[in-house]
Amino acid sequence: MKIAELDLPTDIKDFYEASGIRELYPPQAEAVKKGFLDGKSLLAAIPTASGKTLLAEMAMLKSIAAGGKALYIVPLKALASEKFERFRQFEGLGVRAGISTGDYDSKDEWLKDRDIIVATSEKTDSLLRNGAPWLSSLTVVVADEVHLIDSANRGPTLEVTLAKLKRLNPALQIIALSATIGNAKELADWMKAQLVVSEWRPTELKEGVFFGRAINFSNDKRVIKTPGPDDVQALVSDTLAEGGQCIVFANTRKSSESIAQKLAKSLSRKMTEEEKAAFLEVKQQVMRHAETDTCAKLAACVEHGVAFHHAGLKGEHRHIIENAFRKNTVKVIACTPTLAAGLNLPARRVIIRDYRRFDVNYGNVPIPVLEYKQMAGRAGRPGLDPYGEAVLIAKNYDELGELMENYVLSLPEQITSKLGTEPAMRAHVLSAIATDFCGDVIGLNEFMDTTFYAHQRGDLSAVIDNVLDFLEAERMIIRTADRLRATELGRLTSRLYIDPLSASIIVRALEASKKRQEPYNTEMALLQLIASTPDVKSLYLRRSDYGWIIKYTDEHISDFLTDVPDVGDETDFEAFLSSVKTAALVDMWVNEKNEEEMTAFYNIGPGDVRNLMETCVWLMHSTAEISHLLKAPLTREARELAVRIDYGVSKELMDLIELEGVGRVRARRLYEAGYKNREALKHVDLQVLAALMGEKVAAKILSQLGRKDVPVSTEPDEEVMGQSTLF
Ligand code: ADP
């Protein structure tokens, strides 16, 4: 089917033809036949890189051309920016894209002027809770990676959000994009969507298992002629020798790093001078943001054309690596499976080194087929590679047979809803009541009956009853014979987008703070408080931590506002210690310890520190809001701490960081030079300030203070990312 034949406005067809797309891929053509261009909902369960996004784009563009508005829901923030960059290319068609990643308690009113909005499912849910008025004018919603409904963490929010959007506008067109799954029909039935299931791929995918010296495909064999010190190195060398690139999936961040380090050593001899020069350029980009051990390690690998990629890396570094891989100036990436979750980064050969993953309850367990297929699907760059290869590694003959049967020849599992538990339901029940979505128990049950859980697994009323009991006991709702109403605390909790259990822990602690007579360290009290909520994922306790954490806990014992559990109560006591460990890390951050010291002491990546701080800013902001509502005495302290966690600064720098372009490092430098606040900077000579922070930044600072005698540069300040405002 040709693009020219489609029932689309001419300028949209011209846009695609100009980008080289003239003919639809077979599954795309099937989707057209099933009516997605006529406004019908669609579930496309087809492999990675087979053109799912194109379907979503066409549905959105067609609807927008007729005066509609689209929302594109992504599972990860990192994917939101990738999609946003893509949709900005529609500007020539008069289509304005927007990205909504800001604070959870805002309505993002400016988005009402955008035609396509990209957001995560959590952000969409929070926009619904905050009553963003433009949501009711949506005509198309795209749910990318919709099989994540199966995820215990993210799934419930995604399915409830889709159910809510559909309820706001029953005529809404839903375009759901999924990997191939076992029960696509069931999911499509729930969405009342047309279904396209296909195994078609633009490049052939060969899946096999490496054992001995050969990759065994289902009907073929490839002998590897480049022996290496280990299997991964042999497989990588083999692909590079043919001019391809590799992705190696490992189950932990540490192994992804050590694989990259080993490969860097063994591969460097084989590269040309030209390639080496290109590697050095990427290394310099990495070094520009290098403040920690992990960064130095990454730079050392990149110099040899190899990189590692995992959630512990800073966003800047992940982008550098992704771009360099796309340009073929990084030849191999060793990564954790997060990379498979949707980034468009194909490679000739994908090596799945680990097919087992550690699970807290069950130990080392084999990964689901669905996950394996997602990783395998990354193999083969359309138009560039003649084929793609996905390779598992067997250690013995028996394993070869098992891997062939359990993965290569297996079909993906069915996905199941994870909504049916109290922790998953608490927040959604509260928000349905707080936003007047459901005014009584019958209405609430009726709404929950429209979720995928109810469609697939049945009645949720027992869980709903338990959750209502909890919310009533915590004074977040009032239940009368014929009505459900949220209290002010309930509405605030819903707007703040925190778990009602977190809110109840915060309320208890704040009530306790009202009764405190003796002075205490409120900073530690607040940090430990937020670290003890379920929204903050506390740090794992290592055996070697016990000594110092118990001592640290003793020193702060009179500061804590949450109850200290009995030592005999092992699980609770451990959870408490781990909250103290987390609080101690945030304490280092707000007292300006450098990142390297923190990541080395805690043995975590710089990306982890940032993610944790981002959540902590949010919980501290929420604590301040709840404190204000309860008239507790810690509102000012919590507000101040939220700003300090945001910037990683002590109290004395709070005035200086108000300046744009000035973060923790620059603010400290100014302070030490005697400029303790903005007032002190007002009359300083440009050259004097330039000696401290470079002319560009100095000019930027002075112009913000109203100085007319300085030149203003409009260039973006490269250093800001690494040195100042971190979030
Ligand atoms: P998916 O969302 O399934 O992973 P994408 O829609 O991102 O796949 O498509 C992968 C690549 O294939 C993109 O670069 C896209 O431009 C290209 N593509 C999609 N459909 C076609 C087509 N019909 N003809 C040629 N290229 C296409």
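Residues numbered from 1 in each chain as written. Predicted model: local features only at pLDDT ≥ 70, side-chain atom pairs only at ≥ 80, totals over all residues. Heavy atoms only, no water.

For the protein, the assigned domains read domain 1 (3-197), domain 2 (204-408), domain 3 (422-496), domain 4 (500-648) and domain 5 (663-723). The C-alpha-based centres of domain 4 and domain 5 are spaced at 33 Å. (Domains from an automatic or database assignment.)

Time to look at the environment of D7. Mapped onto the secondary structure, D7 falls in the segment before α1 (10-18). The spatial distance from the C-alpha of D7 to the C-alpha of I259 is 50 Å, given a sequence separation of 252 residues. Among residues more than four places away in sequence, those in contact with D7 are D38 and K62. (Helix = DSSP H or I, 4+ residues; strand = E, 2+ residues; numbered from the N terminus. Contact = heavy atoms within 4.5 Å.)

Let us look at the pattern of salt bridges. With the rule as written, the count across this model stands at 51 salt bridges. Between D385 and R348 there is a salt bridge whose closest N-O contact spans 2.8 Å. Placement of D385 in the loop between α13 (369-376) and β17 (387-393) and of R348 in the loop between β13 (332-335) and β14 (349-352) is noted, with a sequence separation of 37 residues between them. Note on accessibility: D385 and R348 belong to one class, buried. Each member of the salt-bridge network shares a partner with another, and the members are R222, D238, E242, R348, R349, R381, D385 and E389. (Salt bridge = Lys/Arg side-chain N within 4 Å of Asp/Glu carboxyl O. Buried < 20%, exposed > 50% of the residue type's maximum accessible area, 1.4 Å probe, protein only.)

Turning to the sheet that holds strand β6 (residues 173-178), a few remarks are in order. Reading across from one edge, β3-β4-β2-β5-β6-β1-β7 is the order of the seven strands in this open sheet, with parallel pairing throughout. The sheet is open, and its two edges are formed by β3 (97-99) and β7 (194-197), each paired on a single side. Strand-to-strand twist across the sheet, computed as the mean angle between neighbouring axes with direction ignored, equals 15°. In the sheet, β3 pairs with strand β4 (residues 116-120) via three bridges, with the strands oriented parallel. Opposite A97, over in β4, you have I116 as the bridge partner. (Pairing = 2+ DSSP bridges. Axes fitted to C-alpha atoms, helices over the stretch in contact; angles between N-to-C directions.)

Moving on to the side chain of T157. Position of T157 relative to the elements: it lies in helix α6 (residues 155-168). Excluding its chain neighbours within four sequence positions, the residues that come into contact with T157 are S121, E122, D125, H428 and Y497.

So, on to a negative patch on the surface. Residues D566, D569, E570, D572 and E574 make up a contiguous surface patch of negative charge. Turning to its location among the elements, D566 is positioned in the loop between α22 (545-555) and α23 (570-590). By relative accessible area, which is 59% here, D566 ends up exposed. (Patch = residues over 30% accessible without salt bridge, like charges linked within 9 Å, V, L, I, M, F, W, Y side chains within 5 Å. Areas by Shrake-Rupley, 256 points an atom, 1.4 Å probe, with all protein chains shown as cover. Lys, Arg positive; Asp, Glu negative; His and termini not counted. Charge placed at Lys NZ, Arg CZ, Asp CG, Glu CD.)

Between α23 and helix α24 (residues 595-602), whose axes approach to 10 Å, the crossing angle comes to 165°. Overall, the two elements α23 and α24 adopt an arrangement that is roughly antiparallel. You can see that α23 and α24 cross each other, and the crossing is right-handed. Of the residues in α24, those in contact with K581, A584, L585, M588 and W589 of α23 are E595, E597, M598 and Y602. Taken together, the residues that form the contact of α23 with α24 break down as six nonpolar, no polar and three charged. (Parallel < 35°, antiparallel > 145°, perpendicular 65-115°, else oblique. Left-handed = near helix turned anticlockwise from the far one by under 90°. Nonpolar A, V, L, I, M, F, W, Y, C, P; charged D, E, K, R; others polar.)

Ordered in space as β10-β9-β8-β17-β14-β11-β13-β12, the eight strands form an open sheet in which the pairing is mixed. Among the strands making up the open sheet, the edge pair consists of β10 (220-223) and β12 (306-309). Strand-to-strand, the axes of this sheet are offset by a mean angle of 25°, without reference to chain direction. Pairing of β14 with β17 involves four bridges; the strand directions are parallel. By the bridge assignment for β17, I351 is matched with V391. The strands touched by helix α8 (residues 231-241) within the sheet are β8 (204-211), β9 (214-217), β10, β11 (246-249), β13, β14 and β17, with β14 carrying the most contacts at an inclination of about 175°.

The next subject is the site of the ligand. Near the ligand lie 13 residues; those nearest to it are E23, Q28, A49, K52 and T53. In the environment of the ligand, a nitrogen atom lies 3.0 Å from a nitrogen or oxygen atom belonging to the side chain of Q28. Here G51 contributes a backbone N or O atom positioned 3.2 Å from an oxygen atom of the ligand. Relative to its unbound accessible area of 560 Å², the ligand is 72% covered by the protein chains. With three residues, the single largest contributor to the shell around the ligand is helix α3 (residues 52-65). Each residue belonging to the shell around the ligand can be placed in one class, and the counts come to six nonpolar, five polar and two charged. (Near = heavy atom within 4 Å. Polar contact = N/O pair within 3.5 Å; in protein donor to acceptor, adjacent residues only side chain to side chain.)

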